[in-house]
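The lines below spell out each chain.
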Amino acid sequence: MQEHISANYNENNIHKFLEILYKEKGWDFRNYRKSSLSRRILRRLSAYNISSYEDYYRILTSDPAEYERLFLSLTVKVSEFFRDPEVFGILKDAIASMAPDIRDGLRAWCCGCAYGEEAYSLAILFSECLKPEVLKNTKIFATDIDNKAIEAARNSIYIEDVLHNLSCAIRDKYFIKKERGYKIKYSLKDLVRFGQLDIVRNPPLPRIDMLFCRNLFMYFEKELQKNVFEKINFALKLGGLLVLGKSEVLPVQFMSNYREIKKSSRVYRKELCK
Ligand SMILES: C[S@@+](CC[C@H](N)C(=O)[O-])C[C@H]1O[C@@H](n2cnc3c(N)ncnc32)[C@H](O)[C@@H]1O
């Protein structure tokens, strides 16, 4: 990086910095919301008391661990078990109504699964409400751009704070108390397959009955939302359920193919094109 680029918020400056991250690391944040990225990058700069991308780039090249800290900062991991609990209530009813069609098991996908809280919540829901013969053919695929998060999800140890939506009975049924927190029991773990997948750059998983993509779209600009939604739409079977985050909405182009099963729930069923 030759020129001096101020890190004060400016579309053009951040764009140049994001191009560099793409070229050097293959991280494609170029079409994420700039205002949110800029705030996060500025936080890294203030940790070093500097104010230009140029100085920050010097730090990145001399200390590769800073790249990891930056990546962590850019990929927000806030989550918890049974986040927005009412959504899981709606899914429970929806699963009951799908019963005749899911005899061969379900394929669910949590896209942007952070440390696994959402995927394991779904595994608990399935364990509680699917018949054993359906459960044994059911799989939850949980993916995230961040491989370190995926490793942590596989390790599956959680602090009490992220479990606050669970009753003690459910917690004791599915977790083992460890010194450092609560660990998921093997029976539940076996339902979930974790893997790294960047939904911006990689193709989607196929033939999905239930797809969680919550609190990820909100970080994308409109055009990227549309591109990623094409993949989501491809992944989901007809009649399948899509779950978005509470502050996310379907891109207009897809509204006619999806019906929200309860108003403002952000749980949608994919329907035949009207
Ligand atoms: C705020 S968390 C959401 C976690 C969970 N879905 C929830 O709603 O509680 C957003 C997650 O999306 C992941 N993410 C960001 N960009 C991504 C991408 N291009 N592909 C896949 N995951 C991505 C982040 O690493 C982070 O774990």
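Residues numbered from 1 in each chain as written. Predicted model: local features only at pLDDT ≥ 70, side-chain atom pairs only at ≥ 80, totals over all residues.

Segmentation of the protein into domains returns domain 1 (11–74) and domain 2 (85–270). Distance from the C-alpha centre of domain 1 to the C-alpha centre of domain 2: 30 Å. Among the residues making up the side of domain 1 that touches domain 2, the classes are represented as one nonpolar, two polar and two charged. (Domains from an automatic or database assignment. Nonpolar A, V, L, I, M, F, W, Y, C, P; charged D, E, K, R; others polar.)

Next up on the list: the environment of Ile-150. Within the fold, Ile-150 resides in helix H8 (residues 147–155). Each C-alpha atom of the pair Ile-150 and Ala-114 lies 7.3 Å from the other, and the pair is 36 residues apart in sequence. Apart from residues lying up to four places away in sequence, Ile-150 is in contact with Asp-144, Phe-194, Gly-195 and Gln-196. (Helix = DSSP H or I, 4+ residues; strand = E, 2+ residues; numbered from the N terminus. Contact = placed C-beta atoms within 7 Å.)

This part covers the site of the ligand. Near the ligand there are 21 residues, and of these Thr-75, Ser-79, Gly-112, Ala-114 and Arg-214 occur at the shortest range. Of the residues belonging to the shell around the ligand, the class tally is nine nonpolar, five polar and seven charged. (Near = placed C-beta within 6 Å.)

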